[in-house]
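Given next are the chains, with one letter for each unit.
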Amino acid sequence: MLVKSARQIGKTYIIKSFGKSNYKSFIEINFFEHPELKQIFDGSLAAKDIYEKMSLYILDAKFIKGDTLIFLDEIQFCPNARTALKFLAIDGSFDVIASGSLLGIQFKEESIPSIPVGYERQVEMFSLDFEEFLWAIGISNDAIANFKHYFDTKQKVPTEMNDKMLEYLRQYIVIGGMPDVVNTYLSTKDYQQVQSAQNKILATYEDDIAQYSNNYAKPKIKKCYYSIPKQLAKENKKFQFSVVEKNATARRFENSIDWLVSTKLATCCYNVTTPQFPLLAYEKTDQFKLYVNDIGLLCAMYGFEMKREILNNTLIGFAKGGIYENLILDMLIKRGIHPHYYKTENSTQEIEFIISQGGAVIPIEVKAKNGATLSLNNFIADFAPPYAYKFISGNIGVDGVKITLPLYMAMFI
């Protein structure tokens, strides 16, 4: 298994916890912390030779057939270890989990002797989703299941319960799901320290940009990344290179977008020429919206005062709409749903997200508060979806095929 993600997601912690709890023997190699261990994968990559060299360099290594987990952490620093996954999988004596960040840029095909296609299961890991955040702050599975019942039956949630869950959601918006940030909140209940923890992660991302991109690309990548809050604060949230830099062109900056997406710091949502299944066939790759990989980090990028406005539910303007769009995108991605959006050239109307479910294309409208839904109404009239979602800071309602849901219920889609 290869677990990949952005930095600071918690891959190492969760894999070590899993390995130590479920295997009699747990063997860990961290190629960043111990670069000398890369020599285990020099020369022969036959499984028996690798295990023999592990026993030589890792003095406490115990190999128990069928009950040993080998953890290859920060594997991006050892391309030969990535190649070796094929031979370890074929051997099958021991389970192997590898993990790494920046895999999209560190592992170019020309730098790896052979990519183990078909011999590794790739899993993408994200920061905590809203349900996991609720667990962290002490909300039980039974309580969450109760809200799922209202989602399934489309009955209104009792007002006090609904308001409380929307309050939790606003907390999630400003804290996000990065493990260190969530732990900081749980231990201090101090939003200034939350902001400080988020700033440290953003600084780490800046360091990655400086370290793992070439000198020509560094300033462009940084400008693109920090333009995302500005892009989302516009009425038209399509990514515009002129917001990054005056008179900028896609040709000058498109590689910067690829870098941010490859390193999992940002997510692209593409427009489609027509809202038909399969959506991937109708992508317009030159028209996209760009979102931050964690809703709390986006909030931190806007600055500390934004947190107060969100928690007090007093924020107004286009920035609020952009934040809630990023929230819903974040929640959908963590459900394994990769949405598109729909906007024609000759119309000001836009459907924030469209997704595929059961071979049908389902529109999703996101409203920071309840209001008119002209774009969604027109989409329903033009394309007759079996149902349509409208997410608001309100309660459940059904009008024909249009299903209005409180924003937090995106975790049930």
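All of these numbers come straight from a predicted model, not from anything done at the bench.

K.L.:
When you look at the sheet that holds strand E3 (residues 68-73) in this model, what are you seeing that I'm missing?
P.N.:
With respect to topology, five strands assemble into an open sheet ordered E2-E3-E4-E1-E5, the strand pairing being parallel. Looking along the sheet, the strands with just one partner apiece sit at the ends: strand E2 (25-30) and strand E5 (122-124). The mean angle between the axes of side-by-side strands here comes to 20°, regardless of whether they run parallel or antiparallel. Here strand E1 (residues 2-5) runs beside E5; their pairing, made up of three bridges, is parallel. Pairing of Val 3 across the sheet is with Val 123, part of E5.

K.L.:
Is there a simple way to explain the state of the cysteines in this structure?
P.N.:
Each disulfide consists of a covalent bond between the sulfur atoms of two cysteine residues. With the rule as written, the count across this model stands at zero disulfides. Looking at Cys 224, it has no disulfide partner, and the nearest cysteine sulfur is the one in Cys 268, 10 Å off. On the basis of relative accessible area, Cys 224 is assigned to the buried category, the value being 0%. Unpaired in this structure, Cys 269 has its nearest cysteine sulfur neighbour in Cys 268, at a distance of 8.6 Å.

K.L.:
Whenever I open this one, the environment of Lys 200 confuses me. Can you help?
P.N.:
Summarising the element assignment, Lys 200 is placed in helix H9 (residues 191-212). You can call Lys 200 exposed: its relative accessible area is 59%. Sequence separation of Lys 200 and Val 181 is 19 residues, and the distance between their C-alpha atoms is 9.8 Å.

K.L.:
How do you make sense of unusual backbone geometry when you look at a structure like this?
P.N.:
Glycine aside, a negative phi is what most residues show, and trans is what most peptide bonds show. Residue Pro 278 is bonded to the preceding Phe 277 through a cis peptide linkage, with omega at -5°. With respect to the element layout, Pro 278 can be found in the loop between strand E6 (266-272) and strand E7 (283-292). Here Gln 8, not a glycine, exhibits a phi torsion of approximately 70°, which is positive. Mapped onto the secondary structure, Gln 8 falls in the loop between E1 and helix H1 (11-22).

K.L.:
Looking at this model, I keep getting lost on the pairing of strand E9 (residues 351-357). Mind explaining?
P.N.:
Within a regular strand, side chains alternate between the sheet's two faces. The buried fraction of E9 is high, at five of seven residues. Note that strand E8 (residues 340-342) and E9 share two bridges and pair antiparallel. Note that in E9 the partner of His 340 across the bridge is Ile 354. Sheet topology note: the E9/strand E10 (residues 360-366) ladder contains five bridges and is antiparallel. In the strand pairing of E10, Gln 357 is matched with Ala 360. Between E9 and E10, which pair antiparallel and follow one another directly, the connecting turn spans two residues, one of which, Gly 358, has a positive phi of 60°.

K.L.:
Sorry if this is basic, but what is going on with the pattern of salt bridges here?
P.N.:
It is possible for side chains of opposite charge to pair when their charged atoms get near one another. For the structure shown, the criterion picks out 14 salt bridges. A salt bridge links Glu 28 to Lys 16; the nearest nitrogen and oxygen atoms lie 3.7 Å apart. With Glu 28 in strand E2 and Lys 16 in helix H1, this pair connects stretches of sequence that are 12 residues apart. Note on Lys 16: relative accessible area 26%, which makes it partly exposed. Lys 284 serves as the salt-bridge partner of Glu 345, at 3.4 Å between the closest nitrogen and oxygen. Pair noted here: Glu 345 is in the loop between E8 and E9 and Lys 284 is in strand E7, with a separation of 61 residues, a long-range link.

K.L.:
Explanation requested: the side chain of Glu 352 in the structure shown.
P.N.:
Structurally, the position occupied by Glu 352 is in strand E9. Comment: no salt bridge for buried Glu 352; closest opposite-charge side chain is Lys 367, at 5.5 Å. Side-chain polar atoms of Glu 352 contact the backbone nitrogen of Val 366, separated by 3.5 Å. Not counting residues up to four positions away in its chain, the partners in contact with Glu 352 are Lys 289, Glu 325, His 340, Tyr 341, Ile 364, Glu 365 and Val 366.

K.L.:
What's the story with helix H12 (residues 250-262) in this structure? I'm lost.
P.N.:
Helical periodicity: at 3.6 residues per turn, an α-helix aligns residues three or four positions apart in one direction. The first and last C-alpha atoms of H12 sit 17 Å apart over 13 residues, in line with the 18 Å expected at 1.5 Å per residue. Of the residues flanking the end of H12, it is Lys 264, one or two places downstream, whose phi is positive at about 65°.

K.L.:
Would you mind going over the packing of aromatic side chains with me for this structure?
P.N.:
In this description, a pair of aromatic rings is defined by centroid distance and the angle of the planes. This structure, assessed with the given rule, holds 24 aromatic pairs. Seen from their ring centres, Phe 241 and Phe 253 are 6.4 Å apart, and the 25° between their planes marks the pair as stacked. Linking Phe 241 in helix H11 (residues 241-244) with Phe 253 in helix H12, this pair joins segments that are 12 residues apart in sequence. Look at Phe 241 and you get buried, because its relative accessible area is 12%. With a relative accessible area of 0%, Phe 253 lands in the buried category. Residues Tyr 342 and Phe 379 carry aromatic rings whose centres are separated by 6.1 Å and whose planes lie at 75° to one another, so their mutual orientation is edge-to-face. Placement of Tyr 342 in strand E8 and of Phe 379 in helix H16 (residues 374-383) is noted, with a sequence separation of 37 residues between them. Each member of the pair Tyr 342 and Phe 379 is classed as buried.

Cut-offs and rules
- The residue numbers shown here count from 1 along each chain, following its written sequence.
- The predicted origin of the model limits local features to residues at a pLDDT of at least 70 and limits the giving and counting of side-chain atom pairs to 80 or more, whereas totals for whole chains, interfaces and linings rest on all residues.
- Excluding hydrogens and water, the side-chain figures rest on all heavy atoms present in the structure.
- One requirement defines pairing of two strands: DSSP has to find at least two bridges between them.
- Helix and strand labels come from DSSP, where a helix needs a run of H or I of at least four residues and a strand needs a run of E of at least two; each type is numbered from the N terminus.
- The axes used here are C-alpha line fits, helices contributing only the stretch in contact, and every angle between their N-to-C directions lies in the interval 0 to 180 degrees.
- Any two cysteine sulfur atoms within 2.5 Å of one another count as a disulfide.
- Throughout, exposure labels follow a simple rule: accessible area from a 1.4 Å probe, protein chains only, divided by the maximum for the residue type, with under 20% read as buried, over 50% as exposed, and the rest as partly exposed.
- A side-chain nitrogen of Lys or Arg and a carboxyl oxygen of Asp or Glu constitute a salt bridge if their distance falls within 4 Å.
- Only four residue types enter the tally: Lys and Arg on the positive side, Asp and Glu on the negative side; His and the chain ends are excluded.
- Two N or O atoms count as a polar contact when they lie within 3.5 Å, although within protein this holds only if one can serve as hydrogen donor and the other as acceptor, and sequence-adjacent residues are included solely when both atoms are side-chain atoms.
- For this analysis, residues touch if any pair of their heavy atoms sits within 4.5 Å.
- To estimate the expected span of a helix, count its residues, drop one, and scale the result by 1.5 Å.
- Here is the rule: rings of Phe, Tyr and Trp (six-membered ring for Trp) pair when centre to centre is within 6.5 Å. Planes less than 30 degrees apart are stacked, more than 60 are edge-to-face, and the remainder are tilted.

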